[in-house]
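Survey of secondary and tertiary structure
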Amino acid sequence: MNLVFTTNQTQRLDIFLRSELPSKIGQECSNSKIRRLILASCVSVNGRPVIRPSFELRGQSKILVNFDKEKFFYEKQPDDIKYELTDKDLIFENEDLIFINKPAFFPVEQTIVGNRDNLHDALVRYLWARNPSLRNPPYAGIMHRLDRETSGIILFTKNRAVNKEVQAMFADHNFTKIYQCLVTSQKKLEEGYKFTVEMFMGRISGKSQAGKWGRLDEAKGGQYSKTDFRVLKKLKHAGQECYLLEATLYTGRTHQIRVHLADRGLPILGDTLYGGKESERIWLHSSRFAGMGLELECPFQQN
């Protein structure tokens, strides 16, 4: 949710929010939480993003806070992994782009939890270690995201000059992104069986609950989504009968593949939020990426 504040005071931004934010959210919040909220680019002043906690408010100021209570009070997950990027994790690299094989249980980017490591920071460390003569950290631009438990191919840019072009290609769906996942089913699925799921979808959970998406009428804010699926084979995982499916995205809505499969009675193994059976992780993997003359693959692994 967006929280709006106005003030005529001359005051540091972090001090102002420390004073005013608790009354809006109904809870006290520490100085460190406020600081991380600002550093996470969640605050703008008079329409401009501010990432400096010591920023001084002067004159008439309108402060907008993009506030997610679930994330704000979120702490480091006990199953977050320790991870350092190495050469073997690189799928493809040139002067402008770098594709990484992301492990499961590792966030893509910084969160407002200060001690939580993430793939972006790991990539910056890796690039800097390769070129230690740099005075400042090397640039790594996040072009898209994967959920913490989702593994596989993810793209970063190494040059700000290409960001606009890459973002436009994502917006125009000029990339093909294919995922693989393990699902359980009450009915038999034949190898090679294809189906498509289309729906308008949006957030269906309350603001104070864990984010859950599902069918939502367009009139209520639902956004169009479409995924093609194909059954690859039947297999067993940890004694559990399941199917390996391939999913081709036409749109990129939050939890799209998870919601579409649950809607068809084929929840992903480990995805308990959407009715899946318990497992050591949500078995969803970004397996193929095509675009800009590239055809990249990162095979699905069961362990």
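Thresholds applied
- Residues numbered from 1 in each chain as written.
- Predicted model: local features only at pLDDT ≥ 70, side-chain atom pairs only at ≥ 80, totals over all residues.
- Heavy atoms only, no water.
- Helix = DSSP H or I, 4+ residues; strand = E, 2+ residues; numbered from the N terminus.
- Buried < 20%, exposed > 50% of the residue type's maximum accessible area, 1.4 Å probe, protein only.
- Pairing = 2+ DSSP bridges.

Our next topic: unusual backbone geometry. Positive phi outside glycine occurs at Ala-238, with the angle close to 50°. Mapped onto the elements, Ala-238 comes out in the loop between β14 (223-237) and β15 (240-249). A residue is classified by how much of its surface remains accessible, and Ala-238, at 74% relative accessible area, is exposed. For His-255, which is not glycine, the phi dihedral falls at a positive 60°. Among the structural elements, His-255 can be located in the loop between β15 and α6 (256-263).

Most of β15 sits inside the fold, with 8 of its 10 residues counted as buried. Judged from the 6 bridges that link them, strand β11 (residues 176-183) and β15 form a sheet pairing that is antiparallel. Counted as the bridge partner of Ile-178 is Thr-248 from β15. Bridge count for β14 against β15 is 10 bridges, and the pairing is antiparallel. Bridge pairing links Phe-229 to Ala-247 in β15. The turn joining β14 and β15, which pair antiparallel and follow one another in sequence, is formed by 2 residues; a positive phi near 50° is taken by Ala-238.

All we've got here are geometric facts, nothing functional implied.
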